[in-house]
Amino acid sequence: MRLWHFFLLISIPVWPVLALELPSLMPAVHNYLGDGAASAFHLPKNVRIVVDERAAHSDKDNGLSLIPPTLLDFTQTFKSDLEALFPKTSVSLSLGNVDEPLDAPAVITLSLSDALNATLADGSPTTEGYEINVSPNSVRILGSGSKGAFWATRTLLQGLVLTGGQFPAGKVVDQPDWRTRGFMLDVGRQWYPITFLADLCTYASWYKISEFHVHLSDNVSPRGNFNAYARFRLRPEDAALAGLTPHLNETYSREEFDAFQATCAARGVTVVPELESPGHALVITQWKPELALSTDPTLINLTVPDAIPTIKLIWKEFLPWFHTKQVSIGADEYNSSLADDYINFVNEMSEFIGQESGKTIRLWGTLEPSNRTSVSKNITIQHWDFGDDDPFELIRSGYDVINSEDSFQYIVMKQSGSFPQSLNQTRLWDGANVNTGGIWDPHVFDRGNASNNPNIADPHLKGSIMAAWNDHGPTASTFLEAFYALKQGLPVVASAGWQAAARPRHLTHAQFLAAFPALEAAAPGQNLDRRVPSRGALVAEYDLTGGAKMASVRDQSGNGYDARLVGGVLHTPLGSKGHNYTLLLRAQLPDAPGTLLAGPDDSFGVAALPGGGLTLAFTSSNITYLLSNYTLPAHGEQDAVDIVLTGTEHGTSAFVDGAHAGDFIVSIDQTDVFEPMAFVAPVQTVGGKGVGLEKFVLWDGIQSMATITV
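Conventions and cut-offs
- Residues numbered from 1 in each chain as written.
- Predicted model: local features only at pLDDT ≥ 70, side-chain atom pairs only at ≥ 80, totals over all residues.
- Heavy atoms only, no water.
- Axes fitted to C-alpha atoms, helices over the stretch in contact; angles between N-to-C directions.
- Helix = DSSP H or I, 4+ residues; strand = E, 2+ residues; numbered from the N terminus.
- Parallel < 35°, antiparallel > 145°, perpendicular 65-115°, else oblique.
- Left-handed = near helix turned anticlockwise from the far one by under 90°.
- Contact = heavy atoms within 4.5 Å.
- Nonpolar A, V, L, I, M, F, W, Y, C, P; charged D, E, K, R; others polar.
- Salt bridge = Lys/Arg side-chain N within 4 Å of Asp/Glu carboxyl O.
- Buried < 20%, exposed > 50% of the residue type's maximum accessible area, 1.4 Å probe, protein only.
- Pairing = 2+ DSSP bridges.
- Expected span 1.5 Å × (residues − 1).

Attention shifts here to the packing of helix α4 (residues 194-205) against helix α12 (residues 479-486). Between α4 and α12, the shortest axis-to-axis distance is 11 Å and the interhelical angle comes to 15°. Comparing the axis directions of α4 and α12 gives the class roughly parallel. Helix-helix and strand crossings are classified by hand; for α4 and α12 the assignment is right-handed. Residue-level contacts link Phe 196, Leu 200 and Tyr 203 of α4 to Phe 479, Leu 480, Ala 482, Phe 483 and Leu 486 of α12. Of the residues assigned to the contact of α4 with α12, the class counts are eight nonpolar, no polar and no charged.

So this is what it looks like as structure tokens:
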């Protein structure tokens, strides 16, 4: 672990900044006043953190979380992050009276105060506000709530990262403009390990994201196939619901989901779960076909007597799992001929969930053509498309609205004719807002008509949530590819939700481009990039051609990743190597399928082709991806084969004996549309049954085939 910390420290580029300047933080702070002396707090070898003993156990929070951490809890997370980012600094933590003079020369104090009067853009109070007073010897943090103090530590850590361990002296006063600063991931149509979801929370928290909307049930377009891929991701404990989750290995237990929510809450992020119905509900109608609408099996027929009781039974089971004051029932894209039934349903569900749990609900905007009834104004509307609702009209009518306008905030994994595969940065920075030179923020629904957007201070505008969808199901991407799609867009929308584009200190595109690489590399508490520490481009090298096979195999790279040889398989101290990478495997291969490389995220080996012969293949989440247009040539039992793999976030290529064997691609929806697959390098074990391993080399970056020595 220490080696990992050291790697981060030496690999983070230092922002070129004078001591009196505030670096480009994400989000940018609302107010900063320097001390006028061009001085700074320099992180020393020993730092003392003191938490106000009067506020240490306060969990003051007026957000959505039902499990808000205390000030002390948040401070312990801050301490861990500070130690991880700056391992040469020794950090102590204690409780004390922060108003008294403290004798230590380098002190960071944290306390709470109602006197901050932090408010959102609409003037309502927020516990996410904070103040930082920085002098050469101390940093004093004051939060309007425990989460506000935690956000202050994100500001401080980002500043220290960008300046190589210093923060300009002066005063920061900061608070968000909107409470809802979120992102959504479609977990229903792609399986994501719960640890991956927790890591996403941790990453997003670095940029002060406040909500993770988890879309827990859905189906791919059935195209006439009633048995099309459809999943419900929570594992019920009530036997009466067992038919909802026949694929138990693709579900989360209550214990797992609790731990996930707690991990997110510990970093200031509230998990908002969505259980989708009455549309996108094939997983329910596969369980109970009698509930399906005859014209579309993905829709529940709300006129069937058992329909709403079944949906209530599902919610009754899972409401106690959810540690948030608001949940989503989905409820979009339903049959317009049943408009009254639909509206009565969502109102009934709002009342039911409120009575059962005290929670409110939100739903996706759906314009149902009813002249007799309307959706209750107690329900929050998550706008996503102008064809389904008019967000400004909803706001004028008194509805609370969240902005998920698809022209700005929708992405579809891997391929789409309508939406990008990562957020359109050009549109967000230079094509979104006619009032602010193009920069988008949550008050912008209509980018071409400013009169069709609310004021940033409108109390019914609650913020925004970007959405990442898996329309093409589980085979189109790996779970880590979702991070690659999200990681650059998240800080942009988080910054826009924290500070409106009309504010004088808002983040600029140039500032984002300059600071993002360093901040992304430093984001603490996770390793979604699958970085591996290394002194140089050569990460690991093992040579097994020297005669007797020793139990211990020395790493010749100089990084100290010595391995163990057990039963002919090399066990390294590594797991996965993220992008970019090059690896060389020299081995005698058996004339049969088998594993060559394995890791925690995927594996690589030899697989059988459907028409006969052998090829190379990656396996991720139990799905095998063949190098389908390539057949391994026949070889003698004693002939070693050189296999080289190169990987970037945009694709993976294979070379055999110096020749390009092909690129790993996947068919989208079993059509003739193909997209590349980006696999990480599985390097936990090397070799397998019948494999005569001779050499394995791993590099950081894409190496020239002409310079790889074997």
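Counted by the stated rule, this structure contains 32 salt bridges. In this structure, Lys 60 and Asp 114 form a salt bridge, with 2.1 Å as the shortest nitrogen-oxygen distance. With Lys 60 in the loop between β3 (46-52) and α2 (71-85) and Asp 114 in the loop between β5 (107-112) and β6 (130-134), the pair connects residues that are 54 residues apart, well separated along the chain. We classify Lys 60 as partly exposed; its relative accessible area is 33%. Since its relative accessible area comes to 60%, Asp 114 is described here as exposed.

Burial of β6 is extensive: four of the five residues sit out of reach of the surface. When β6 meets strand β7 (residues 138-143), the two strands line up antiparallel, connected through five bridges. The partner of Asn 133 across the bridge, within β7, is Arg 140. Where β6 hands over to β7, the hairpin turn is made up of three residues, counted between the paired strands.

Right, let's talk about α4 for a bit. Relative to the 16 Å expected for 12 residues at 1.5 Å per residue, α4 spans 17 Å between its end C-alpha atoms, a close match to the ideal helical length. α4 sits mainly inside the fold: 10 of its 12 residues count as buried. Turning to α4, its buried residues number three or more, namely Ile 194, Phe 196, Leu 197, Ala 198, Leu 200, Cys 201, Thr 202, Tyr 203, Ala 204 and Ser 205.

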